[in-house]
Number of protein chains: 2
Amino acid sequence: MTFTEELKLKTQIADTWVKKLAPSGDDIHKEVFEAANYSINAGGKRIRPVIALAVCEMLGGREEDVMPFACAVEYIHTYSLIHDDLPCMDNDDLRRGVPTCHVKYGEALALLAGDTLLNHAFETIANANAPGETIAKALKILSALSGANGMIGGQVIDIRGAKSHEELLILHKKKTGALIVAAAKLGALASGRPNDEDFLAAEGFAENLGLAFQIKDDILDIEGDVATLGKNINRDSETGKVTFVTLFGIDGAKAALDEYTGKAKAALYRFGDRGNFLSQLAESLALRNR
Amino acid sequence: MTFTEELKLKTQIADTWVKKLAPSGDDIHKEVFEAANYSINAGGKRIRPVIALAVCEMLGGREEDVMPFACAVEYIHTYSLIHDDLPCMDNDDLRRGVPTCHVKYGEALALLAGDTLLNHAFETIANANAPGETIAKALKILSALSGANGMIGGQVIDIRGAKSHEELLILHKKKTGALIVAAAKLGALASGRPNDEDFLAAEGFAENLGLAFQIKDDILDIEGDVATLGKNINRDSETGKVTFVTLFGIDGAKAALDEYTGKAKAALYRFGDRGNFLSQLAESLALRNR
């Protein structure tokens, strides 16, 4: 199987699970499920669950053991986009090529759809077919990385804008990196009994990939195409935010992208050929145009 | 110890734990911890953690085993208030006698402080000093009751307003009742090995108490005093919401309050004298003026 075929297959697997385990329930307040599923179905790349799945398989684990945890990360990611897009935050009306959740369903329901998905991430972990000890560990990993010392902390720094290279690194490590690290760690956890070195290597891969991913986002905000990206561009310069591009120029940002992509691939060295898919994934994410 | 002394003691215990386990972390985004703790410290009655503690003790369990779970419920409750008060929801500027979180910290930070507390509730469960099996069960109980089929579902119905007695009961059971039930079930869980009958009795107590609690809220919205309540009154009639008072009149609402308070007390029958505190708590909540 070529890398492209394997990526397509893993993305389809992730997409199927993410939709299968999505929130559902009582008809009397079905509009909140519609709003939550609208954002879930709005065509994300499913990068995070794909990483969880790939790490789990790299370490010898099985799809059915990792996917509930992988989906939990995607639900956290989706809620964070819904809340980030709200008028009191980034006030974005376009996301993944379609109107944002609050444009479609109104602010109140979008707020509650976000809360629903945040809560549902943890409910999905609770309902995983896994021993209590594994569920407790998964809960500890995800809640630490998605909370105020992880992803939410990054959003807080983002509101006021990073003021230095150091702050920018912390912002990206938290806002984007934390969930990618969560995906990798949950993938390792679900594989069975990963040893400490495997765990650390997966984490190192994810940390560097997360930085590379965000730097690429900054570059696409300048060089990207609205139709291809499915979201508005030049948002960063319009809002006066410090990014890798504003700090180091477009060439400096591209050099940093190469650097962190290289570090991500290097972290996979101990896995030999089993790390090939994730290594190629890091390369393809650096080359993406959306 | 009189009931009043015991309530004061348990409230102090709950308050101390809720503050001790509150979100804290990196200085670089300390404003989100300040905003979250502002709402935590704004003087709630701590009813939910007190109920968890009292149920646990009634069944022979220990304070230190239940309080992390009890605090998790209080963090969910506090986040729901922050998000409920936002301009896109109830647009309230006064809560517990002080400006609401978004009035003090701005909407974006209030939104993220709410997200922080929702996430922190589950992180607090993850970090409880308990076996993995217990943590997994606690996660399942809380996530089901705080999510879109529990509390959030109630908020969704509340946005558009209940249209019938039946819908109003569902609204209250979810919006207010679900977290009170969560507190009781987590208290029973933390006590060790509650039998099924104990669990069901604690749940029955909490369901009826939750309804009584909300009916009393509806009555206070008409008869209460702004200074004593610490929030604005007549919000329900101003916004045209159907409540127990608008459906049945003030006397009908008071009769329903008595009915559900009586049912809550009856559910405690099997516990004999050990149920005295919770029975008196139900009575005192029906008589409260704030």
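Residues numbered from 1 in each chain as written. Chains lettered and ligands numbered in written order. Predicted model: local features only at pLDDT ≥ 70, side-chain atom pairs only at ≥ 80, totals over all residues. Heavy atoms only, no water.

Colleague: Could you give me a rundown of the packing of aromatic side chains, with the residues and numbers involved?
Modeller: All names here are of chain B. With the rule as written, the count across this model stands at 7 aromatic pairs over all chains. Their ring planes at 40° and their centres at 5.9 Å tell us that phenylalanine 244 and phenylalanine 248 sit as a pair that is tilted. Of this pair, phenylalanine 244 and phenylalanine 248 both sit in helix 13 (residues 244-266), 4 residues apart, roughly one helical turn. For phenylalanine 244, a relative accessible area of 1% translates into the label buried. The exposure class of phenylalanine 248 is partly exposed, given its relative accessible area of 40%. One Lys or Arg, arginine 288, reaches over the ring of phenylalanine 213 and ends 4.1 Å from the middle of that ring. (Phe/Tyr/Trp six-rings, centres within 6.5 Å; stacked < 30°, edge-to-face > 60°. Helix = DSSP H or I, 4+ residues; strand = E, 2+ residues; numbered from the N terminus. Buried < 20%, exposed > 50% of the residue type's maximum accessible area, 1.4 Å probe, protein only. Lys NZ or Arg CZ within 6 Å of the ring centre and 35° of its normal.)

Colleague: Go over helix 2 (residues 30-40) of chain B, please, and point to the residues and values.
Modeller: Burial runs high along helix 2 of chain B: 9 of the 11 residues are buried. Looking at helix 2 of chain B, one finds that the buried residues are Glu31(B), Val32(B), Phe33(B), Ala35(B), Ala36(B), Asn37(B), Tyr38(B), Ser39(B) and Ile40(B).

Colleague: Outline the state of the cysteines, listing residues and values.
Modeller: Tallying each qualifying case throughout the model produces 0 disulfides over all chains. With no disulfide of its own, Cys56(A) lies 13 Å from the sulfur of Cys71(A), the closest cysteine sulfur. (Disulfide = S-S within 2.5 Å.)

Colleague: An account of unusual backbone geometry is requested, with residue identities and associated values reported.
Modeller: Residue and element names in this part refer to chain A. If you check the backbone angles, asparagine 91 has positive phi at about 50° while not being a glycine. Relative to the helices and strands, asparagine 91 resides in the loop between helix 4 (63-85) and strand 1 (94-95). We classify asparagine 91 as partly exposed; its relative accessible area is 45%.

Colleague: Provide a residue-level description of the packing of helix 7 (residues 132-146) of chain A against helix 6 (residues 107-126) of chain B, including the pertinent values.
Modeller: In the contact formed by helix 7 of chain A and helix 6 of chain B, the axes pass within 9 Å of each other and the chain directions differ by 145°. When you trace helix 7 of chain A past helix 6 of chain B, the crossing you get is left-handed. Contacts between helix 7 of chain A and helix 6 of chain B involve Leu139(A), Lys140(A), Ser143(A), Ala144(A) and Ser146(A) from the former and Asn119(B), Phe122(B), Glu123(B), Ile125(B) and Ala126(B) from the latter. When the residues that make up the contact of helix 7 of chain A with helix 6 of chain B are grouped by side-chain class, the tally is 5 nonpolar, 3 polar and 2 charged. (Axes fitted to C-alpha atoms, helices over the stretch in contact; angles between N-to-C directions. Left-handed = near helix turned anticlockwise from the far one by under 90°. Contact = heavy atoms within 4.5 Å. Nonpolar A, V, L, I, M, F, W, Y, C, P; charged D, E, K, R; others polar.)

Colleague: So what's going on with the relation of the copies chain A and chain B? Residues and values would help.
Modeller: If you rotate chain A by 180° and push it 0.0 Å along the axis, it lands on chain B with an RMSD of 0.0 Å. Expressed as a symmetry operation, the mapping of one chain copy onto the other fits a two-fold axis. Residues of chain A ranked by C-alpha distance from the rotation axis are headed by Gly132(A), positioned 2.5 Å from it. (Least-squares fit on C-alpha atoms with pLDDT ≥ 70 in both.)

Colleague: Run through the packing of helix 1 (residues 3-20) of chain A against helix 4 of chain A, naming residues and quoting values.
Modeller: All names here are of chain A. Between helix 1 and helix 4, the shortest axis-to-axis distance is 9 Å and the interhelical angle comes to 70°. By the angle class used here, helix 1 and helix 4 are roughly perpendicular. On helix 4, the residues that touch Ile13, Ala14, Trp17 and Val18 of helix 1 are Glu63, Glu64, Met67, Pro68, Cys71, Glu74 and Tyr75. Taken together, the residues that form the contact of helix 1 with helix 4 break down as 8 nonpolar, no polar and 3 charged. (Parallel < 35°, antiparallel > 145°, perpendicular 65-115°, else oblique.)

Colleague: Kindly report on the pattern of salt bridges, identifying the contributing residues and their values.
Modeller: According to the stated counting rule, one finds 36 salt bridges over all chains in the structure shown. Among the salt bridges present, the one from Lys19(B) reaches Asp15(B), with a minimum N-O distance of 2.9 Å. You can see Lys19(B) and its partner Asp15(B) sitting in helix 1 (residues 3-20), 4 residues apart, about one turn around the helix. A cluster of three or more residues bridged by salt bridges with shared partners is formed by Asp15(A), Lys19(A), Arg46(A) and Glu74(A). (Salt bridge = Lys/Arg side-chain N within 4 Å of Asp/Glu carboxyl O.)

Colleague: Could you give me a rundown of the nonpolar core, with the residues and numbers involved?
Modeller: Across soluble globular proteins, nonpolar side chains show a tendency to be buried alongside one another. Of all hydrophobic cores here, the largest spans 170 residues; its most connected members are Leu142(A) and Leu142(B). When residues no more than four places from it in sequence are discounted, the contact partners of Leu142(B) are Ala72(B), Val73(B), Ile76(B), Ala121(B), Phe122(B), Ile125(B), Leu179(B), Ala182(B) and Leu186(B). (Core = buried A, V, L, I, M, F, W, Y, C linked by side-chain atoms within 4.5 Å.)

Colleague: Tell me about the confidence of the model for chain A, and please be specific about residues and values.
Modeller: Of all residues in chain A, 94% have pLDDT values of 70 or greater, and the mean over the chain is 93. In the predicted assembly, ipTM is 0.94 and pTM is 0.95. (pLDDT = per-residue confidence, 0-100.)

Colleague: Talk me through the side chain of Glu203(A); I want residue IDs and the actual numbers.
Modeller: Residue and element names in this part refer to chain A. Take glutamate 203: it is sitting in helix 10 (residues 196-223). A relative accessible area of 19% means that glutamate 203 is categorised as buried. Other than its neighbours up to four places away in sequence, glutamate 203 contacts Val181 and Lys185.

Colleague: Tell me about the environment of Asn41(B), and please be specific about residues and values.
Modeller: All names here are of chain B. One can find asparagine 41 in the loop between helix 2 and helix 3 (47-58). In this structure the C-alpha to C-alpha distance between asparagine 41 and leucine 139, which are 98 residues apart in sequence, comes to 25 Å. Ignoring sequence-local partners within four residues, the contact set of asparagine 41 consists of Lys19 and Arg46.

Colleague: Outline the side chain of Asp85(A), supporting the account with residue identities and numerical values.
Modeller: Residues and elements named next belong to chain A. Assignment of secondary structure puts aspartate 85 in helix 4. Of the residues examined, aspartate 85 reaches a relative accessible area of 3% and is grouped as buried. Polar side-chain contacts of aspartate 85 include one of 2.9 Å to the side chain of arginine 95. Sequence-distant contacts of aspartate 85, that is, excluding residues within four places in its chain, are made with Asn91, Asp92, Arg95, Thr100 and His102. (Polar contact = N/O pair within 3.5 Å; in protein donor to acceptor, adjacent residues only side chain to side chain.)

Colleague: Would you mind going over the interface of chain A and chain B in detail, with residue names and values included?
Modeller: Listed per partner, the contact involves 50 residues of chain A and 50 residues of chain B. The largest contributions to the chain A side of the interface with chain B come from Ile28(A), Leu112(A) and Asn119(A), which together make up 14% of the buried area. In this assembly, chain A and chain B are joined by 4 salt bridges. Here Glu31(B) makes a salt bridge to Arg160(A), at a shortest N to O gap of 2.7 Å. The interface formed by chain A and chain B contains 24 residue pairs in polar contact (both at pLDDT 80 or more). Sorting the residues of the side of chain A that touches chain B by element identifies helix 2 (30-40), helix 4, helix 6 (107-126), helix 7, helix 8 (151-160) and helix 9 (165-190) of chain A as the ones contributing at least two each. At 13 residues, the largest contribution of residues to the side of chain A that touches chain B is made by helix 6 of chain A. Here the side of chain A that touches chain B is composed, by residue class, of 26 nonpolar, 14 polar and 10 charged. (Buried area = accessible area lost by both parts, 1.4 Å probe.)

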